[in-house]
Amino acid sequence: MILLADFGNTRVKAAVLENGSLRHVENMMELDVDGGMWCSVHPLDPEVEAWMTAHGMKRLTADIPTPLRIAYSSPGTLGMDRLAAAVGAWSLKPGHDLLVVDAGTAVTFDFVSADGTYKGGNIAPGIGLRLKSLHEHTGALPLVSAQGEVPMFGRDTETAIRSGVVNGLRHELDGYIAEICSIYPSLLVFLTGGDAEIFDIKAKSSTFAVPDLVLLGLARITQYNE
């Protein structure tokens, strides 16, 4: 039983690889696993890390071979969740130019060229951070939930803030896609992360929503190293 684990800023996602498919698990430390791989954006609880090491799991680092060539100038500073998501997208659509968007606490935009080269990407604040920043760095604006009505133009302070943040991020993604498509017309877009549902993917036939993209990437890297 191979275990994959993604330790994000706000939540942990874990799954076991069985017969080529992922099965989500809640309490991974109750499992009897035979190796696997994990990535994290922050230091882990020493007990959890020790358990994973004892069960043959490897932490994804820049030194571990992947199916992609890395063109990032400082691979050691690259977030391994970003790399795993890029590998996950590549495993689903190899040979294509890919934009991988992970909408979580931060929103990351990562590009993989059709020859299998991870070119790099950008990092921006996520929806929650944008809403919190408006509240904490102004004198009168309230803290608004990301859930709720998102009109084109806000009709009160709450909808004005939510619409500004959510629609702003949507247009941000559209801008990235338009600019990259002007150079790479056959671009495919992968969306993942907890806030990925805010994007209107139905209107974009070349866009794919894959919630477990990081875990898929970890599974592919594990298989690649076997």
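Here the structure is a predicted model, which is why all the values come from computation and not from measurement.

### Concerning the pattern of salt bridges
Item 1. Tallying each qualifying case throughout the model produces eight salt bridges.
Item 2. Between Glu 149 and Arg 155 there is a salt bridge; the shortest N-O distance is 2.5 Å.
Item 3. By relative accessible area, which is 45% here, Glu 149 ends up partly exposed.
Item 4. On the basis of relative accessibility, which here comes to 57%, the residue Arg 155 falls in the exposed class.

### What to know about the confidence of the model for the chain
Item 1. For the chain, the mean per-residue pLDDT works out to 93, and 97% of the residues sit at or above 70.
Item 2. Per-element averaging of pLDDT across the chain places strand β11 (residues 207–209) at the bottom with 89 and helix α2 (residues 80–92) at the top with 97.

### Some points on the sheet that holds strand β8 (residues 106–112)
Item 1. As summarised here, the arrangement of the six strands in space is β6-β9-β8-β7-β10-β11, forming an open sheet in which the pairing is mixed. Of all strands in the sheet, those bounded by a partner on one side alone are β6 (69–70) and β11.
Item 2. Both strand β10 (residues 188–192) and β11 contribute to a ladder of three bridges, which runs parallel. The residue bridging Val 189 from the neighbouring strand is Thr 207, located in β11.
Item 3. Sheet contacts for α2: β6, β7 (98–103), β8, β9 (117–125) and β10; angle to β9, the most-contacted strand, approximately 125°.

### Things to note about the nonpolar core
Item 1. Membership of the largest hydrophobic core comes to 31 residues, with the highest contact counts inside it found for Leu 4, Leu 60 and Leu 218.
Item 2. For this core, the secondary structure elements donating two or more residues are β1 (2–7), β2 (12–18), β4 (36–40), α2, β7, β10 and α5 (213–225).
Item 3. Top element by residues in this core is α2. It accounts for eight residues.
Item 4. In this structure Leu 218 touches Leu 4, Ala 5, Met 37, Trp 38, Cys 39, Leu 60 and Ala 84, once residues within four positions along its chain are discounted.

Scoring rules and cut-offs
- Residues numbered from 1 in each chain as written.
- Predicted model: local features only at pLDDT ≥ 70, side-chain atom pairs only at ≥ 80, totals over all residues.
- Heavy atoms only, no water.
- Salt bridge = Lys/Arg side-chain N within 4 Å of Asp/Glu carboxyl O.
- Buried < 20%, exposed > 50% of the residue type's maximum accessible area, 1.4 Å probe, protein only.
- pLDDT = per-residue confidence, 0-100.
- Helix = DSSP H or I, 4+ residues; strand = E, 2+ residues; numbered from the N terminus.
- Pairing = 2+ DSSP bridges.
- Contact = heavy atoms within 4.5 Å.
- Axes fitted to C-alpha atoms, helices over the stretch in contact; angles between N-to-C directions.
- Core = buried A, V, L, I, M, F, W, Y, C linked by side-chain atoms within 4.5 Å.

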